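So the chains spell out like this:
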Amino acid sequence: MSAPAVRLLAAVTLLALVTTPTVMAQFSSTLSGPVLGYVHDRNAGKVRPVRGILGSATVGAPVEAAPNVSQLLTLDVRHAIVSSDTSPELLALRLDGEPSSTAIAGIPRNPSRSAASTLGTAAAFYYSDTQQIRIVKGLPREPQDAGGLQLDRPVTQLAVSDDGTLLVYAIREPEGETLHGWTVSSGSPRYLTSAASVSGIAITRTGDAIVTDRGANEVFAIWDAGGGAVRKLLADTTDGVSDPAGVGVSSANRIYVANGGSSTLLVFESSGRVLKTLPCSCTMAGVYLLRDSVFRLTEGIAKTIFLVDASSADERILFVPPPQD
């Protein structure tokens, strides 16, 4: 058989294989492309992937393995914690390969507030009905109840360290708010400092707490929050702080503050020095983890989603269009 005939036969054979249902399914899976992370479709009660690459991504179809989801807390690109009507307890959701979920024993669904650590290896959950904070460590693959804290006043914000041994939270007072720290070693909470209206807390990989105070238009640090706990002002209105909506920390220990009043993102180095200001044509709601060093700045998916790519020192703000369905 001649060479052209061999090539023709091979092409026909490949076409026949590709058009069979089994191979088409394999191709469809392969061509689905990379996933940047997952977002919550609140209206549908579903988890949806953000497919594509940074700068060219879309919101994909819902993950059917996670039905009736009322809350989503992202841990990393492949794992999340969700509240679902299908379980009385929180579910640890695995989203790589064949999606699956595991109930986290002893941790009730639908907390009033929740927070994941910087690397997603621990999380804290506050329940207003029982005035209790519960900590889960061993995430994402082996979640376990690490105990909790009983309180007598409402919690407005909270943050937890990667090893689950340090908790920093804000409590509403008759006038303003107070911040408190709890460590496994001490076993009891202690007062750290006061604030006007805390809108966000993040704990860095070195154990410092970064706090945004919306009422005072300030960003301050509590250095060594589990030890010496020294407060230091990092930025205020003179640095461009305007109605700060939240704070996040990247795996490289850079700090990001979303300014709701000016639609700008302030970038700090780990020492607390302001590095730059990034404008965004969006209404900033906070700094929410999408995947390692990529944060979502807006809420919901009905409108354009805005992200900050903090995976390098050259941060950039990108957008993802809303789903067309």
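All values derive from a computational prediction rather than experimental measurement. (Residues numbered from 1 in each chain as written. Predicted model: local features only at pLDDT ≥ 70, side-chain atom pairs only at ≥ 80, totals over all residues. Heavy atoms only, no water.)

J.: Would you mind going over the sheet that holds strand β25 (residues 294–296) with me for this structure?
T.: Across a sheet, strands are paired by hydrogen bonds formed along the backbone, either parallel or antiparallel in direction. The strand order β24-β25-β26-β27 describes an open sheet built from four strands, whose pairing is antiparallel. Across the chains shown, the open sheet's two edge strands, defined by having one partner strand only, are β24 (288–291) and β27 (316–320). Here the average twist between neighbouring strands, direction ignored, is 35°. In this sheet, β25 lies alongside β24 in antiparallel orientation, the contact comprising three bridges. Counterpart to Tyr-288 in the pairing with β25 is Arg-296. (Pairing = 2+ DSSP bridges. Helix = DSSP H or I, 4+ residues; strand = E, 2+ residues; numbered from the N terminus. Axes fitted to C-alpha atoms, helices over the stretch in contact; angles between N-to-C directions.)

J.: Would you mind going over the pattern of salt bridges with me for this structure?
T.: Once the charged atoms of two side chains with opposite charge are near each other, the side chains can pair. In this structure the tally under the stated criterion is 12 salt bridges. A salt bridge links Asp-41 to Arg-48, with the shortest nitrogen-to-oxygen separation between them at 3.0 Å. The residues Asp-41 and Arg-48 share a single accessibility class, namely buried. Between Asp-152 and Arg-153 there is a salt bridge, with its nearest N and O atoms 3.3 Å apart. Among the ionic contacts, a cluster of salt bridges with common partners joins Asp-152, Arg-153 and Glu-173. (Salt bridge = Lys/Arg side-chain N within 4 Å of Asp/Glu carboxyl O. Buried < 20%, exposed > 50% of the residue type's maximum accessible area, 1.4 Å probe, protein only.)

J.: Sorry, what's going on with the layout of surface pockets here?
T.: Over the atoms, a rolling probe the size of a water molecule traces out where space has been left empty. Within this model, the largest pocket holds a volume of roughly 1,200 Å³. Taken together, 42 residues line the largest pocket, and the ones lying closest to its centre are Leu-73, Ser-114, Ala-115, Val-287 and Tyr-288. Contributions of two or more residues to the lining of the largest pocket are made by β1 (35–41), β4 (69–74), β8 (113–116), β12 (155–160), β16 (198–203), β20 (244–249), β24 and β25. Tallied by class, residues from the lining of the largest pocket come to 23 nonpolar, 15 polar and four charged. (1 Å grid on protein atoms, 1.4 Å probe; cavity = no way out; pocket = protein on both sides within 12 Å on 5 of 7 lines; lining within 4 Å. Points joined across faces, edges and corners; volume = space filled by probe spheres on them. Nonpolar A, V, L, I, M, F, W, Y, C, P; charged D, E, K, R; others polar.)

The values are spatial; any link to function lies outside them.
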